[in-house]
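The residues making up each chain are set out below.
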Amino acid sequence: MTRLSITSEEFTAIGNDVVRLMADYLDQLPTLPTVPATTAAEVEAIFGGDAPESPLEADALSLLPEVLRLSRPTGPRFFGYVLGSSDPVAAYGDFIAAILQQNVTAWRSSPAAITLERTVVRWLAEAIGLAGYAGSLCGGGSSANLMGLAMAREAKLPANDNGAQGGIVYVSTETHFSSAKAVALLGLGRRNIRTIPTDSAFRMDVAALERTLQADIASGFTPLAVVASAGSTATGAIDPINTIADIAEQYGLWLHIDGAYGGLAAMAAPEKFTGINRADSLSLDPHKWLYQPLSCGCLLYCDRETAARTFSGSAEYTKSFSSNAEESFAFFDESIELSRSFRALKLWLSIRYHGLNAIRSSIGCDMELAALLQQHVENTPELELLSPAALSAVCFRHRGTAGLSHDDLNNFNSTLLQQLLARGRVYLSNAELDGAFALRACIVNHRTEAADMQLIIDEVLATASSMSLP
Ligand SMILES: *Cc1c(COP(=O)(O)O)cnc(C)c1O
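Residues numbered from 1 in each chain as written. Predicted model: local features only at pLDDT ≥ 70, side-chain atom pairs only at ≥ 80, totals over all residues. Heavy atoms only, no water.

Caption draft 1: Highlighting the side chain of T175. With respect to the helices and strands, T175 occurs in the loop between β2 (168-172) and α7 (177-185). For T175, a relative accessible area of 13% translates into the label buried. (Helix = DSSP H or I, 4+ residues; strand = E, 2+ residues; numbered from the N terminus. Buried < 20%, exposed > 50% of the residue type's maximum accessible area, 1.4 Å probe, protein only.)

Below, the structure written as structure tokens:
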């Protein structure tokens, strides 16, 4: 009978090959085109075959260079979405976690992993000014928002036993769609979402929030929660958190802060986030602006009791036999998942290796680069700034030619973006701001440098001049 075992020599040989391959990749990363030149047919032809019945052994690695070639590199000139290069030190954390195969359920299953996760969660909370908050790591901001709003529901209109009873959730037009998805999944109903308009800087209009709340109350609705963005995805706009916290307090709303993009920037620029420590729950995404490999999200909350009421559920096989509070700790009593990976190890290694100071200054650097890009845009007559660098995202567009209609200008910029991406020198994504198609650059990458900001401008202008202006 054949089993899966390999020898220590084989294991080491694979490791040496893989480490060399990845070290070369990291060396090349700054010069790789920002999109792989390929087609779905080519990728399918290479990877779409049948599973082998017989062992390939070391030859199993032979297609790894193709995996690298056909991956979109997150190098220093990748500015799409909210995604930077990952910290290679953290990658070793994932590697070690995979070998250790800790199931991070409860202390007795994984003493080191449980304790490290609680430690790094505390480090993150303290680093952004939320000392005393508890929480857990999860798959990303979407899961964290789901858990935060589940806690809101259980705190304000308990639903676990008898089902959801409605309740109104307030978001803004700039709130990430994962919050609306959470409302739907939680059975609260999308029609119970109130979408509050934003001001000229894309921040929630707090006067409109209060008017809407009062109208809802007058009509007999029960307000449940408000989601404040600590960095909206499109523009990085930070809602007036402190005022929203006042309103939440006055009307008895749960305050969930979506900090998946920007919350970690409170490490470097706490003055932008006044009131963040008044959140009932807050989402963070270390795989965005803490340079961690995917995936790593985090939910922080103020009240562990509410987390326990929301998420605990038990079976005979999960019972703890310990009377020691630390040794009977279980993440499954405070979060959705039971079997969980050892995400804390990469964070812990990365933070220990580089130190908080380097991380803070890396985040600060990203924000300075965005401010520089904003300046470049403002100094370029062909370009129009559509949103300032509130954090590290800048939205702008090419003005086209004078007298273009709204739609023609949008189409022009949309085509410009496609052609810019095909050139492969910088990667931008897009956003829609007040109906305008925007080119969007988001800098959350420790490899990005000042010269790359000028390159964005040069590439946009070069692409535009290669097109026939409408
Ligand atoms: C990215 C993002 C999310 C979703 O996070 P995932 O990690 O992609 O699930 C939620 N909110 C904001 C503001 C984001 O930028």
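That was the structure; now back to the text.
Caption draft 2: Just the sheet that holds strand β10 (residues 429-433), in detail. Strand order in the open sheet formed by 4 strands is β8-β9-β11-β10, with antiparallel pairing between adjacent strands. The open sheet has two edge strands with one neighbour each: β8 (383-387) and β10. For this sheet the average axis-to-axis angle between neighbouring strands, irrespective of direction, equals 45 degrees. The pairing of β10 with strand β11 (residues 436-442) spans 5 bridges and is antiparallel. (Pairing = 2+ DSSP bridges. Axes fitted to C-alpha atoms, helices over the stretch in contact; angles between N-to-C directions.)

Caption draft 3: Fine view of a nonpolar patch on the surface. Taken together, the side chains of I6, F11, I14, V18, V19, M22, Y92, F95, I96, I99 and L100 define a hydrophobic patch exposed on the protein surface, amounting to about 930 Å² of accessible area. Looking at the nonpolar patch, the elements with two or more residues in it are α1 (8-28) and α4 (88-100). Looking at the secondary structure, you find I14 in helix α1. Assessed through its relative accessible area of 34%, I14 is described here as partly exposed. (Patch = residues over 30% accessible without salt bridge, like charges linked within 9 Å, V, L, I, M, F, W, Y side chains within 5 Å. Areas by Shrake-Rupley, 256 points an atom, 1.4 Å probe, with all protein chains shown as cover. Salt bridge = Lys/Arg side-chain N within 4 Å of Asp/Glu carboxyl O.)

Caption draft 4: Inspection of the site of the ligand at higher detail. Around the ligand lies a shell of 14 residues, among which G141, S142, D258, D285 and K288 are the nearest. Within the side chain of T233, one N or O atom sits 2.9 Å away from an oxygen atom of the ligand. A distance of 2.7 Å separates a nitrogen atom of the ligand from a polar atom in the side chain of D258. Against a free-state accessible area of 380 Å², the protein chains account for coverage of 85% of the ligand. When contributions to the shell around the ligand are tallied by element, the ones reaching two or more residues are α6 (141-156) and α10 (286-289). Per-element accounting of the shell around the ligand gives the leading share, 3 residues, to α6. Counted by class, the shell around the ligand contains 2 nonpolar, 9 polar and 3 charged residues. (Near = heavy atom within 4 Å. Polar contact = N/O pair within 3.5 Å; in protein donor to acceptor, adjacent residues only side chain to side chain. Nonpolar A, V, L, I, M, F, W, Y, C, P; charged D, E, K, R; others polar.)

Caption draft 5: Structural detail: the packing of aromatic side chains. Scanning all chains against the criterion turns up 6 aromatic pairs. When the centroid spacing of 6.4 Å and the interplanar angle of 15 degrees are considered together, the rings of F11 and F95 count as stacked. With F11 in helix α1 and F95 in helix α4, this pair connects stretches of sequence that are 84 residues apart. By relative accessible area, which is 45% here, F95 ends up partly exposed. We note R340 situated over the ring of F331; from NZ or CZ to the ring centre the distance is 4.4 Å. (Phe/Tyr/Trp six-rings, centres within 6.5 Å; stacked < 30°, edge-to-face > 60°. Lys NZ or Arg CZ within 6 Å of the ring centre and 35° of its normal.)

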